[in-house]
2 protein chains.
Amino acid sequence: MNTLEFAKQKLTEVGLKATQQRMVILAAVQQSKNHPSPEAVYEKVRVNNPSISLGTVYNTLDIFVEKDLIQTVLAKNGLKRYDGRLGNHNHIHCVNTNEILDFEDEELNDLVLEFLKRKKIENLDIRKFSLHIQGEKIDEKKNIKIH
Amino acid sequence: MNTLEFAKQKLTEVGLKATQQRMVILAAVQQSKNHPSPEAVYEKVRVNNPSISLGTVYNTLDIFVEKDLIQTVLAKNGLKRYDGRLGNHNHIHCVNTNEILDFEDEELNDLVLEFLKRKKIENLDIRKFSLHIQGEKIDEKKNIKIH
DNA sequence: TCTTATTTAATAATTGTTACAAATTTAAAA
DNA sequence: TTTTAAATTTGTAACAATTATTAAATAAGA
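These figures come from a predicted structure and were not determined experimentally.

Colleague: Explain the relation of the copies chain B and chain A residue by residue, including any values.
Modeller: Least-squares fitting of chain B to chain A yields an RMSD of 0.1 Å, with the superposition described by an axial translation of 0.0 Å and a rotation of 179°. Those values place the two copies in the arrangement expected of a two-fold rotation axis. Most of the interface of chain B is mirrored in chain A, where 97% of its interface residues are also at the interface.

Colleague: A description of helix α4 (residues 54–66) of chain A should follow, citing residues and the corresponding values.
Modeller: Quick reminder: α-helices carry 3.6 residues per turn. Residues three or four places apart thus point the same way. All names here are of chain A. Between its first and last C-alpha, α4 extends 19 Å over 13 residues, near the 18 Å set by a 1.5 Å rise per residue. Looking only at α4, the buried set comprises Val57, Thr60, Leu61 and Phe64. All buried residues of α4 project into a common sector of 105° when viewed along the axis, lining one side. Turned more than 90 degrees away from the buried face of α4 sit Asn59 and Glu66, all of them exposed. In this structure, the buried side of α4 is in contact with α1 (3–13), α2 (20–31), α3 (38–46) and β2 (80–83). One side-chain oxygen at the N-terminal end of α4 lies 3.2 Å from the backbone nitrogen of Gly55; it belongs to Ser53. Of the residues one or two after α4, Asp68 is the one with positive phi, at around 65°.

Colleague: Account for the interface of chain B and chain A, with residues named and values stated.
Modeller: Opposite the 37 residues of chain B that make contact, chain A presents 37 residues. Regarding the contact of chain B and chain A, the summed buried area is about 3600 Å², with carbon and sulfur atoms giving 61% of it. It is Leu74, Phe115 and Asn123 of chain B in chain B that bury the most area against chain A; as a group they hold 16% of the surface buried on that side. In this structure, the connection of chain B to chain A is made through eight salt bridges. The partner of Glu107 of chain B in a salt bridge is Arg118 of chain A, and the shortest N-O contact between them spans 2.8 Å. For the pair chain B and chain A, the interface holds 18 residue pairs in polar contact (both at pLDDT 80 or more). Those elements that provide at least two residues to the side of chain B that touches chain A are β1 (71–74), β3 (90–94), α5 (106–118) and β5 (124–137) of chain B. When residues in the side of chain B that touches chain A are grouped by element, the largest group, 14 residues, is from β5 of chain B. For strand β5 (residues 124–137) of chain A and β5 of chain B, the ladder comprises 13 bridges, and the chain directions are antiparallel. Looking at β5 of chain B, one finds that His132 of chain A is bridged to Ser130 of chain B.

Colleague: Run through the protein's contact with DNA strand C, naming residues and quoting values.
Modeller: Taken together, 13 residues lie near DNA strand C, and Tyr58 and Lys80 of chain A together with Thr19, Gln21 and Thr56 of chain B sit nearest. Lys80 of chain A is positioned such that a nitrogen or oxygen atom in its backbone is 3.1 Å from a phosphate oxygen of DNA strand C. In this structure, Thr56 of chain B approaches DNA strand C through a side-chain N or O atom, which is 2.7 Å from a phosphate oxygen. Listed by contribution, the elements that provide at least two residues to the surface near DNA strand C are α4 of chain A together with α2 (20–31) of chain B. Considering only residue class, the surface near DNA strand C consists of three nonpolar, five polar and five charged.

Colleague: Tell me about the domain arrangement of chain A, residues and numbers included.
Modeller: A common way to express how large an interface is: the accessible area buried when the components associate. Residues and elements named next belong to chain A. The domain architecture assigned to chain A consists of domain 1 (3–83) and domain 2 (90–137). Inter-centroid distance (C-alpha atoms) of domain 1 to domain 2 is 24 Å. With 11 residues of domain 1 in contact, the opposing surface of domain 2 contributes eight residues. Interface area, domain 1 with domain 2, both sides summed: about 720 Å², of which 43% is carbon and sulfur. For the pair domain 1 and domain 2, the interface holds five residue pairs in polar contact (both at pLDDT 80 or more). Listing elements by their share of the side of domain 1 that touches domain 2, those giving two or more residues are β1 (71–74) and β2. Per-element accounting of the side of domain 1 that touches domain 2 gives the leading share, three residues, to β1.

Colleague: Which residues make up the sheet that holds β5 of chain B, and what values go with them?
Modeller: Spatially, six strands are ordered β4(A)-β3(A)-β5(A)-β5(B)-β3(B)-β4(B) in an open sheet, and the strand pairing comes out mixed. The open sheet has two free edges, formed respectively by β4 (100–103) of chain A together with β4 (100–103) of chain B, since each of these has just one partner strand. In this sheet, neighbouring strand axes are inclined to one another by 30° on average, regardless of whether the strands run parallel or antiparallel. In this sheet, β5 of chain A lies alongside strand β3 (residues 90–94) of chain A in parallel orientation, the contact comprising four bridges. Bridge assignment links His91 of chain A to a residue of β5 of chain A, and that residue is His132 of chain A. Against the sheet, helix α5 (residues 106–118) of chain A contacts β3, β4 and β5 of chain A together with β4 and β5 of chain B, and its axis sits at roughly 135° relative to β5 of chain A. Sheet strands touched by α5 of chain B: β4 and β5 of chain A together with β3, β4 and β5 of chain B. Its angle to β5 of chain B, the strand with the most contacts, is close to 135°.

Procedures and definitions
Residues numbered from 1 in each chain as written. Chains lettered and ligands numbered in written order. Predicted model: local features only at pLDDT ≥ 70, side-chain atom pairs only at ≥ 80, totals over all residues. Heavy atoms only, no water. Least-squares fit on C-alpha atoms with pLDDT ≥ 70 in both. Contact = heavy atoms within 4.5 Å. Helix = DSSP H or I, 4+ residues; strand = E, 2+ residues; numbered from the N terminus. Expected span 1.5 Å × (residues − 1). Buried < 20%, exposed > 50% of the residue type's maximum accessible area, 1.4 Å probe, protein only. Arc of directions from axis to C-beta. Polar contact = N/O pair within 3.5 Å; in protein donor to acceptor, adjacent residues only side chain to side chain. Buried area = accessible area lost by both parts, 1.4 Å probe. Salt bridge = Lys/Arg side-chain N within 4 Å of Asp/Glu carboxyl O. Pairing = 2+ DSSP bridges. Near = heavy atom within 4 Å. Nonpolar A, V, L, I, M, F, W, Y, C, P; charged D, E, K, R; others polar. Domains from an automatic or database assignment. Axes fitted to C-alpha atoms, helices over the stretch in contact; angles between N-to-C directions.

See the structure below:
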């Protein structure tokens, strides 16, 4: 099953009409490795769907989040970013390159989950968690430090 | 030493001229418990400094972040929020109330720090980390679940 | 005090996002 | 298949948050 077929299936699963626009937008986000902005999704889907509108991309992404097909990522500059990957996973924010990289680690998830279970936070029904790591990406070639 | 004096000292420490505006803005953020937006800081300082300009608040907050006097918090809706608390600490995002609450836990910090040390992430110089917990705030009175 | 550089206020401009009305598409009914 | 109604999309206008600009005010040094 290709990505569009998969998107179509997901859409009908959550009760959304599987239009061409929705299919390509969903597929685009799910295929993206780099947490795209609405603008980035727009540019990507526009290549094969020149008549698609930016407003549709914005709307559709919001609908997808509401239906739990994708999730939002919080970016440093406050701009919207989306993530086709659901479930708990972590993000590395590069302070220099401004990239947001996925960082998946089963051990870390277990560690945190176990902690949260133990340390019952009062009056809070925990849905999701994510460790945000802020760091500087080092170009190894330049990483010759003389002390 | 009062908060303004403290702010003044911090400002000169990082090499910023300790103007009235900067002092009150820094003090306002540091005293805030609830991760204020620029607008919120503006409203707060305006009470005693009616002539202060919103633009100054925006600029000044950015300068403070750059000088590491405060830090930014990533809010769900994409609006800017600031945090007078430095160092590693965690945030609880309430999906229903939209609040961002601090969650400080020494044990959690140690747990994560120890993990990150062990699991050396390649080509990344880690600066900071923060666990983002997403959950629903439960009104305990309503929390009578019948299964 | 005078001079110069820095900072601020006020406002204009910009940008990302949302709202809207008309046009199009889809799905269902006839 | 055509008709009809509802949902969706487009294109654009409006909006709100943020940034840039410029003149005035302030602070620091000579």
